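What follows is the residue order along each chain.
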Amino acid sequence: MAQSSPPGNNGKSRSNFFSKLLHGFTPSIFNGSDCASTYEESRGVGIRIENLCKSFGDNRVLTNISLEIEPGETFSIIGPSGTGKSVLLKHIVKLEAPDSGRILIDGQDIHEKNPKVPRNYRYSMVFQSSALFNSLSVGENVGLWLRENRICTESRIRRIIREKLRLVGLAGKEAMLTSELSGGMKKRVAIARSLAMNPDLILYDEPTAELDPVTSDELARVIMNLKQSVNLTTIIVTHDLNFALYLSDRVAMINKDGIVEVGTPDQIKASTNPIVRNFIYTTTKGIKGED
Ligand SMILES: Nc1ncnc2c1ncn2[C@@H]1O[C@H](COP(=O)(O)OP(=O)(O)OP(=O)(O)O)[C@@H](O)[C@H]1O
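As annotated in an unreviewed UniProt entry, the protein chain carries the name ABC transporter ATP-binding protein and comes from Desulfuromonas versatilis.

Listed below in structure tokens is the structure:
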């Protein structure tokens with residue numbers, strides 16, 4: 001997905017940009033608290049996808065996709081390349097609108113125009129590219145949303161940055177430049193940046209793309225550990241079957257004809273569906289598949 005640059009993504013204008021952001025919000029603007037009242041703890045949201053269909057011209061990409069994702073669940077979507085996994089993710093974050101069907105988050109149709117009740121969930125996406133701002137430090141990347149949106153006082157923002165970096169195993173790395181980070185560290189900073197907004201839903205698009213197997217395992221542990229400390233719903237789109245089976249509560253396999261199978265990792269591994277068996281065999285080269 002496309003990424004944009006912050007205003008002034010270069011030396012001189014960058015410092016102007018940050019001097020505007022770092023202007024020392026005082027507790028008085030938050031009614032005596034150190035954060036806006038809208039900055040609440042994460043709460044996992046429930047997601048219901050009903051008969052979602054999407055075509056681009058003659059290219060039918062999503063066919064009658066129906067899924068139910070529980071609050072707090074870690075749910076992965078797997079499938080061959082080009083079967084609409086990213087398009088499905090884009091529908092959930094409203095970057096695409098369905099031709100037909102609905103997506104409900106906590107019971108509300110997210111594509112409904114003029115909803116009667118305002119939507120009050122926060123979601124955040126961890127992009128395949130990590131989408132960090134290279135001219136900013138690790139801490140500045142993590143605190144960007146909080147500063148841009150004037151969510152908390154500066155001292156509280158610094159505490160939040162420390163805490164979110166600790167959650168992804170990067171305690172004390174605030175001052176590092178993103179150019180100094182390995183691919184796995186970049187991904188963890190991107191997760192910390194997403195966590196800074198206390199999302200109720202976090203979405204990962206191909207989190208292990210371009211990572212070696214050891215780094216992928218480390219990342220899987222980071223995402224699994226988050227479950228112990230943060231109450232959020234997690235959706236992961238990935239080619240990486242072992243990754244999905246390792247950390248997910250449930251996994252859905254999709255292809256051009258729709259949902260092929262949904263189940264726990266053990267159910268997917270034991271599936272007798274030939275499409276699932278073939279996917280397991282080809283993506284693991286028969287090494288870990290049961291074929
Ligand atoms: N905005 C768009 N306009 C036209 N076609 C699109 C658009 N977005 C996606 N597609 C098409 O939809 C199909 C599914 O794309 P998508 O990126 O969702 O697949 P994917 O399953 O995520 O694949 P991969 O695993 O390779 O990332 C592709 O044929 C793609 O070309």
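This paragraph deals with the overall build of the protein chain. Regarding its fold elements, the protein chain presents 9 helices and 10 strands. Residue pairs at least 24 apart in sequence account for 68% of intrachain contacts in the protein chain once pairs closer than 6 positions are excluded.

A few words on the packing of helix α3 (residues 138–148) against helix α4 (residues 154–167). Contact geometry for α3 and α4: axes closest at 9 Å, N-to-C directions at 130 degrees. The angle between the axes of α3 and α4 places the two elements in the oblique class. The crossing of α3 and α4 is right-handed. Contacts between α3 and α4 pair Gly139, Val142, Gly143, Leu146 and Arg147 from the former with Ile157, Ile160, Ile161, Lys164 and Leu165 from the latter.

Let's shift gears to the environment of isoleucine 92. Assignment of secondary structure puts isoleucine 92 in helix α2 (residues 85–92). Using a count of 21 C-beta atoms within 10 Å as the deciding quantity, one classes isoleucine 92 as buried. Once the C-alpha coordinates of isoleucine 92 and alanine 209 are considered, the two residues, 117 residues apart in sequence, prove to be 21 Å apart. Excluding residues that lie within four positions of it along the chain, isoleucine 92 makes contacts with Ile47, Ile103, Leu203 and Ile235.

This part covers the sheet that holds strand β8 (residues 233–237). Each strand in a sheet pairs with its neighbour through backbone hydrogen bonds, running either in the same direction (parallel) or in the opposite one (antiparallel). Taking strand neighbours across the sheet as the criterion, the 6 strands line up as β6-β7-β8-β3-β9-β10 in an open arrangement whose pairing is mixed. At either margin of the open sheet sits one strand with a lone partner, and together these are β6 (123–126) and β10 (258–263). For this sheet the average axis-to-axis angle between neighbouring strands, irrespective of direction, equals 15 degrees. Inspection of the sheet shows strand β7 (residues 201–205) paired to β8 by 5 bridges, in the parallel sense. Of the residues in β8, the one forming a bridge with tyrosine 204 is isoleucine 236.

Of all hydrophobic cores here, the largest spans 67 residues; its most connected members are Val189, Ala192, Leu203, Ile235 and Met253. Residue contributions to this core peak at 6 residues, all from helix α5 (residues 183–195). Among all residues touching valine 189, those that are not within four sequence positions of it are Leu132, Val138, Asn141, Val142, Leu170, Thr178 and Leu181.

A positive phi angle, close to 45 degrees, is found at asparagine 64, a residue other than glycine. In this fold, asparagine 64 is placed in strand β2 (residues 59–69). We classify asparagine 64 as partly exposed; it has 13 C-beta atoms within 10 Å.

Next up on the list: the environment of glycine 46. If you trace the backbone, glycine 46 turns up in the loop between α1 (11–21) and β1 (47–56). Beyond its immediate chain neighbours, meaning those up to four positions away, glycine 46 contacts Ile69, Glu70, Pro71 and Asp106.

Turning our eyes to something else, we now look at the site of the ligand. Contacts to the ligand come from Phe56, Asn59, Val61, Gly79, Ser81, Gly82, Thr83, Gly84, Lys85, Ser86, Val87 and His239. Among the elements that line the shell around the ligand, the one with the most residues is α2, at 3 residues. For the shell around the ligand, the per-class residue count stands at 3 nonpolar, 8 polar and 1 charged.

Each value, and the rule that gives it
- Residues numbered from 1 in each chain as written.
- Predicted model: local features only at pLDDT ≥ 70, side-chain atom pairs only at ≥ 80, totals over all residues.
- Helix = DSSP H or I, 4+ residues; strand = E, 2+ residues; numbered from the N terminus.
- Contact = placed C-beta atoms within 7 Å.
- Axes fitted to C-alpha atoms, helices over the stretch in contact; angles between N-to-C directions.
- Parallel < 35°, antiparallel > 145°, perpendicular 65-115°, else oblique.
- Left-handed = near helix turned anticlockwise from the far one by under 90°.
- Buried ≥ 20, exposed ≤ 12 C-beta atoms within 10 Å, placed from the backbone.
- Pairing = 2+ DSSP bridges.
- Core = buried A, V, L, I, M, F, W, Y, C linked by C-beta atoms within 7 Å.
- Near = placed C-beta within 6 Å.
- Nonpolar A, V, L, I, M, F, W, Y, C, P; charged D, E, K, R; others polar.

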